[in-house]
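# Residue-level structural notes
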Amino acid sequence: MASASGFPASFYGEPGVLGLLANGISAFLVLLQNFHGARTGVPAEGVENILAGVHLILIGGVCQLVAGLISFRKYDHLSGTSFVGYAALWGSYGATRIFLGANQQSPNLFNESTLINNTIQDLFTDTSINKTDIPMFIKESAIAGLVPYILLSFLLAFCSATVNYIMPFVFGAITLTLIFEAIGLVAGWALVVSGVLELLILLFAIYGSSALLIKGLAQRYVLKGFGNPLFNVLLLGTTNASSSQSLGQEKKKNTKYAEPMALGFFCDTVSPFIFAFYAFNYFPSVSVAAIWITINSAAQLLASYYAYLRQDCYHATKFGLHCVFWLVKTWEEHVVSVTVGWTEAGEVRHAMVGNWFFVSAALVFCIASLHKDTLELVHNSFFVLVTISTISQIPIERYYIFFGVTCSLFTLLSYYGTFARLINTIAEKSLIPVGPQPVSTESLQKYLSYLKRSKIEESEDKGAQLPDALFYLSNGVAALSAIHSIQPGLAFFDLTVPWVLIPGAIIQAYVSRLQVQGGQRFGSVIPSFYVAIWATWSWFRFAGHRLQISTESANGFAAGAIAFLVINAFLILVAAYNNLVLLALTTIMEVIIVCFLLSALGRLPYQLEVAMLAIFAIICLYGMLASLVNSIFSKTLIPVGPSLIKNKKKKESETTYPCFIANSRETSGLLKTAKSLENNGVCGIPTDTVYALAASCKNPSAIEKIYSIKDRPAEKPVCICISSVEQLVAAKPPFSPLLWEFMRNVYPGGISCIVPKGEWLLKLGVGPAYDRVGTRDSIMIRVPDHTTTAHLCEFTGPLAITSANPSGEADSTHHDMVINRLGHKIDGVLCDGESNELVASTVVNCLKIDEGTISILREGCVPALKVRQIFERVKSNML
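Since the model is a prediction, treat every value here as computed from it, not as a measurement.

The rules behind the values
Residues numbered from 1 in each chain as written. Predicted model: local features only at pLDDT ≥ 70, side-chain atom pairs only at ≥ 80, totals over all residues. Heavy atoms only, no water. Helix = DSSP H or I, 4+ residues; strand = E, 2+ residues; numbered from the N terminus. Buried < 20%, exposed > 50% of the residue type's maximum accessible area, 1.4 Å probe, protein only. Contact = heavy atoms within 4.5 Å. Areas by Shrake-Rupley, 256 points an atom, 1.4 Å probe, with all protein chains shown as cover. Patch = residues over 30% accessible without salt bridge, like charges linked within 9 Å, V, L, I, M, F, W, Y side chains within 5 Å. Salt bridge = Lys/Arg side-chain N within 4 Å of Asp/Glu carboxyl O. Expected span 1.5 Å × (residues − 1). Pairing = 2+ DSSP bridges. Axes fitted to C-alpha atoms, helices over the stretch in contact; angles between N-to-C directions. Core = buried A, V, L, I, M, F, W, Y, C linked by side-chain atoms within 4.5 Å. pLDDT = per-residue confidence, 0-100. Parallel < 35°, antiparallel > 145°, perpendicular 65-115°, else oblique. Left-handed = near helix turned anticlockwise from the far one by under 90°. Phe/Tyr/Trp six-rings, centres within 6.5 Å; stacked < 30°, edge-to-face > 60°. Lys NZ or Arg CZ within 6 Å of the ring centre and 35° of its normal. Polar contact = N/O pair within 3.5 Å; in protein donor to acceptor, adjacent residues only side chain to side chain.

In terms of regular secondary structure, the chain is built from 32 helices and 10 strands. For the chain, buried positions account for 61% of its 879 residues. Summarising the internal contacts of the chain: among those between residues at least 6 apart in sequence, 77% fall at separations of at least 24. Carbon and sulfur atoms make up 62% of the accessible area of the chain, which amounts to about 32900 Å² in all.

Now the structure itself:
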């Protein structure tokens, strides 16, 4: 949660101030409109609504999104989920206001009452209705969007009561406000009640943000409201052993960032809820609802991103899959509502097969979640039903009924999942039942390993494994969706555009960004190139009739296809250095590009293109399964084949590096690194967790260089690293017996202790760096359980260290990652191969240990439960 007083270094600035103020100001903007309408009797319309919508997007959406992103980096589960969720709400509501204002300025003369009683099936068969006359049903869409946020806001208000007693009032007032805003869309009197509640939101937000701002400045709680919950979260239940074990297994992966699972379930509640309203014909046009679902899907993509930062391939891919699905279905229905028309859509949908890849991918996740908890498996199973309900071959008279029912069931399960994930992450133990593991991890690995028959050495790139599953997913959906017959009809082309463009270009651009951030600079080339291919494919093959592409323009596309062929030939060579699956994928893509060239020349062999796209999709499905499973278990269970071309290792003397390279297993390497540190250098060094940047405490200017090297915020101080507890004893710090005993039990190891600062640091050897490490009153100390690091500290004295990665990016788990990412900025790297852990140390605040309490500021490689058990054991032994 919020950082403990005296040590803000582990976190960014307090984002709760920005988040609460964004909610308060947004409510105030709506309040002004509501009270003005009540006083004058003239509701806001036209430009007033447009301007209000823009302000809601900027303040309630963008500003609050920033607060949510910072909260995730602060390991604040509740605030991260809440602020991102409310950012999606205010952004969507602001967009609705803009639509409403624009629609009022140029009203559609078509009478909505003639449609409101029609069913979707009627619209399919009623040829008297022109597709361009369908109104947007703005108010109905807004109500459908507000209702799930009302339910989720109530949930957030309840969960926040386990943390403090300010946020429950803010979130509770938002919940009531949303209720009356929804009623106010059909009954004007409710807007007055909504205005009163919005005034309460503003007052609560001002007080809460003031309390947090003063706390940040004074480094202690001055105003009441934070620091103490309304009730203890432990009152909600007792820990379930099997579920707790499953939760702990996931936490060992990465706890540097807050867990995004609750946000992912949050988004899986909103999108299907809106679709259920649409499927049951509450509004027959999805134009405005598409904005709500798109913004919500963007929030779900953020959940995928933070799962990736936590090195959690499973949730990164799962939330990415769900995001793609909701986006594709939303904009397909938008095309049906606005462009194609229901009659034509009903005739051409039978030829669409892209949804079968979603069904297959959902089944893959059912397999991958067998070793998770029961809730996860059931949630994935219901998502399979949702994907099945949208298969285009289902008769249209049953299609929407089936879709609406499955969306309703999926919404209920996702709502429970949001509650369970949020409470369990706040409590850091399983209080809300999520069920045991259906299949043990060992058994699942055993079953999956049957696919691996050969013992040929596989090429593994752990840094690139995390986004690989999403790479195969996005390409598979795009390829299978691109399949069509010789004369499919123009309506088919219109409906296919979102199926190819969204996964193939938009989501794959996100995958490319993940590849870059993971240190795999060259690994981003293939997804970036395929973004261009699928985007070009969409606009030429499927949107060409809308763009009215001439013969001369088609020749330009043909020239571009030739360039694609040349570039992809190079990528085939690159893939030969990786694995057979990627090699097969790029090779088939070469044939697909040939088909694209022939289509630009008017000589397309349809049967060949269909066969190649189908084979491409099958390879993608297998690649997704293999990448997902292999990354989840951090070992090759499903083979992807060896590299066809072996990369010969060059001698170190023949390789040019941006900085010096030293071997940790050689004394000369240690001495070289120590000498560089003594000479005001900054070096990458191994530790018992992940790689770190180190500078000697004798050189304050070197410590300052660390900040510019990492782009590290100035308010985040670095910690010091020493060789042993005995080195600390020699400095004679005035620690209590309890603190000494606790440190002797956790050092050396993957735990960092925050202790009071004092003159004893000068005796320790910190010297000139006293003001450059820690905060004014506290210091974080590391004693790594790593022979190389211990010997290095004996040579140099105390070192100032921080993780060896650009600020905000994933930790470096191999010396190659340090060299590739920071080698051009630092003096050298002490190479030790793979790191022992995937995450940094666990940070423990010991400033109040004499009062009998410690707090976990960041859970790392050592689980928080184990730290507390050690402390309780030490404390009981001291009595």
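Next comes the rest of the description.
Before going further, it helps to examine unusual backbone geometry. Along the chain, Tyr747 connects to Pro748 via a cis peptide bond; the corresponding omega equals -10 degrees. Tracing the backbone through its elements, the reader meets Pro748 in the loop between helix H28 (737-746) and strand E5 (751-756). Located in the positive-phi region is Asn281, a residue other than glycine, with phi close to 70 degrees. Inspection of the secondary structure assignment puts Asn281 in the loop between helix H10 (261-279) and helix H11 (287-309).

For the rest of this paragraph, the subject is a nonpolar patch on the surface. The grouping of Leu18, Val54, Leu58, Val62 and Val66 at the surface amounts to a nonpolar patch, some 360 Å² of accessible area in total. Of all the elements, helix H2 (residues 47-73) adds the most residues to the nonpolar patch, at 4 residues. Following the sequence through the fold, Leu18 ends up in helix H1 (residues 16-40).

Between its first and last C-alpha, helix H7 (residues 167-184) extends 25 Å over 18 residues, near the 26 Å set by a 1.5 Å rise per residue. Turning to H7, its buried residues are Met167, Pro168, Val170, Phe171, Ala173, Ile174, Thr175, Thr177, Leu178, Glu181, Ala182 and Gly184.

Moving on: the environment of Ala626. Counting through the fold element by element, Ala626 comes out in helix H24 (residues 606-633). Sequence separation of Ala626 and Leu448 is 178 residues, and the distance between their C-alpha atoms is 9.8 Å. In contact with Ala626, not counting residues within four places along its chain, are Ile638, Pro639 and Val640.

What follows concerns the pattern of salt bridges. Within the structure shown, the criterion is met by 16 salt bridges. Between Glu332 and Lys329 there is a salt bridge; the shortest N-O distance is 2.7 Å. Separated by 3 residues within a single helix, Glu332 and Lys329 lie in helix H12 (residues 313-340), roughly one turn from each other. In this structure, Lys875 engages Glu872 in a salt bridge whose closest nitrogen and oxygen atoms are separated by 3.7 Å. Taken as a pair, Lys875 and Glu872 lie in helix H32 (residues 864-878) at a separation of 3 residues, close to a single helical turn. Owing to a relative accessible area of 43%, Glu872 belongs among the partly exposed residues under this scheme. Taken together, the shared-partner salt bridges in this structure form one network comprising Lys318, Asp373, Glu376 and Arg421.

Judged by pairing direction, the sheet is mixed, and its 10 strands sit side by side in the order E1-E8-E2-E3-E7-E4-E6-E5-E9-E10 without closing on themselves. With one partner strand each, in any of the chains shown, strand E1 (660-663) and strand E10 (855-858) form the two edges of the open sheet. Across the sheet, the mean angle from the axis of one strand to that of its neighbour is 35 degrees, orientation sign disregarded. Across 2 bridges, the pairing between strand E2 (residues 683-685) and strand E8 (residues 828-831) is parallel. Within E8, the position partnered with Cys683 by the bridge is Gly828. Against the sheet, helix H26 (residues 700-710) makes contact with strand E3 (692-696) and strand E7 (799-803), and its axis sits at roughly 155 degrees relative to E3, the strand it touches most. Together, E1, E2, E3 and E8 form the strand contacts of helix H31 (residues 815-822), whose direction differs from that of E8 by roughly 170 degrees.

What tends to happen in soluble globular proteins is that the nonpolar side chains get buried as a cluster. Of all hydrophobic cores here, the largest spans 192 residues; its most connected members are Trp292, Tyr530, Trp534, Leu585 and Phe616. The next biggest cluster of nonpolar side chains, apart from the first, holds 59 residues, and it includes Ala695, Phe742, Ala769 and Ile849.

This paragraph deals with the pairing of strand E9 (residues 842-845). Here E9 shows no split at all, with Thr842 and Val844 on one side and Val843 and Asn845 on the other all buried. Direction of pairing for E5 relative to E9: parallel, over a ladder of 4 bridges. Directly across from Ser752, in E9, lies its bridge partner Val843. Where E9 lies against E10, 3 bridges are found, and the strand directions are antiparallel. Along E10, the bridge assignment pairs Val843 with Arg858.

All right, on to the confidence of the model for the chain then. Caution is warranted with low-pLDDT regions, since their predicted coordinates should not be read in detail. Overall, the predicted model of the chain reaches an average pLDDT of 84, with 87% of residues at or above 70. Counting interchain partners and residues more than four positions distant, the pLDDT-below-50 stretch residues 454-464 has 18 contacts.

This paragraph deals with the packing of H10 against H11. The geometry of H10 relative to H11 is characterised by a closest axis approach of 9 Å and an angle of 160 degrees between their N-to-C directions. When the axes of H10 and H11 are compared, the pair comes out roughly antiparallel. When you trace H10 past H11, the crossing you get is left-handed. Listed contacts from H11 to Leu263, Gly264, Cys267, Asp268, Val270, Ser271, Ile274 and Phe275 of H10 are Ala289, Trp292, Ile293, Asn296, Ser297, Ala299, Gln300 and Ala303.

Moving on, we come to the packing of aromatic side chains. In this structure the tally under the stated criterion is 38 aromatic pairs. On the basis of an interplanar angle of 45 degrees and a centroid distance of 6.5 Å, the ring pair of Tyr399 and Phe403 is categorised as tilted. One end of the pair is Tyr399 and the other is Phe403, both in helix H16 (residues 396-427) and 4 residues apart, which spans about a single turn. Note on accessibility: Tyr399 and Phe403 belong to one class, buried. Ring centres of Phe471 and Tyr472 lie 5.2 Å apart, and the angle between their planes is 65 degrees; this geometry places the pair in the edge-to-face category. Owing to a relative accessible area of 4%, Phe471 belongs among the buried residues under this scheme. The buried category is assigned to Tyr472, whose relative accessible area is 5%. When the ring centre of Tyr314 is taken as reference, the NZ or CZ atom of Lys372 above it lies at 4.7 Å. For the cation-ring pair, Lys757 lies above Tyr770, with the distance from its terminal atom to the ring centre recorded as 4.6 Å.

Here we come to the side chain of Ser841. In this fold, Ser841 is placed in the loop between E8 and E9. Each residue touching Ser841, except ones within four places of it in the same chain, is listed here: Thr689, Gly750, Ile751, Ser752, Arg782, Arg858, Gly860 and Cys861.

Attention now moves to the environment of Asn699. The topology assignment puts Asn699 in the loop between E3 and H26. On the accessibility criterion, Asn699 (14% relative accessible area) is buried. When the C-alpha positions of Asn699 and Asn679 are compared, they lie 8.2 Å apart, and in sequence the two are 20 residues distant. If near-sequence neighbours (up to four positions away) are discounted, Asn699 is found in contact with Leu677, Glu678 and Asn680.

Helix packing geometry: the angle between the two helix axes and the distance between the axes. Remark: H12 packs on helix H14 (residues 355-368), axes separated minimally by 11 Å, with the N-to-C direction vectors making an angle of 155 degrees. Taken as axis vectors, H12 and H14 run roughly antiparallel relative to one another. The two elements H12 and H14 meet at a crossing, and its hand is left-handed. Here Tyr314, Thr317, Lys318, Leu321, Val324, Phe325 and Val328 of H12 lie close against H14, whose contacting residues are Asn355, Phe358, Ala361, Ala362, Phe365 and Ala368.

Along the chain, Glu609 falls in helix H24. Along the chain, Glu609 and Ile592 lie 17 residues apart, while their C-alpha atoms are 6.4 Å from each other. Among residues more than four places away in sequence, those in contact with Glu609 are His484, Trp537, Arg541, Cys595 and Leu604. Among the polar contacts made by the side chain of Glu609, one reaches the side chain of Arg541 at a distance of 2.7 Å.

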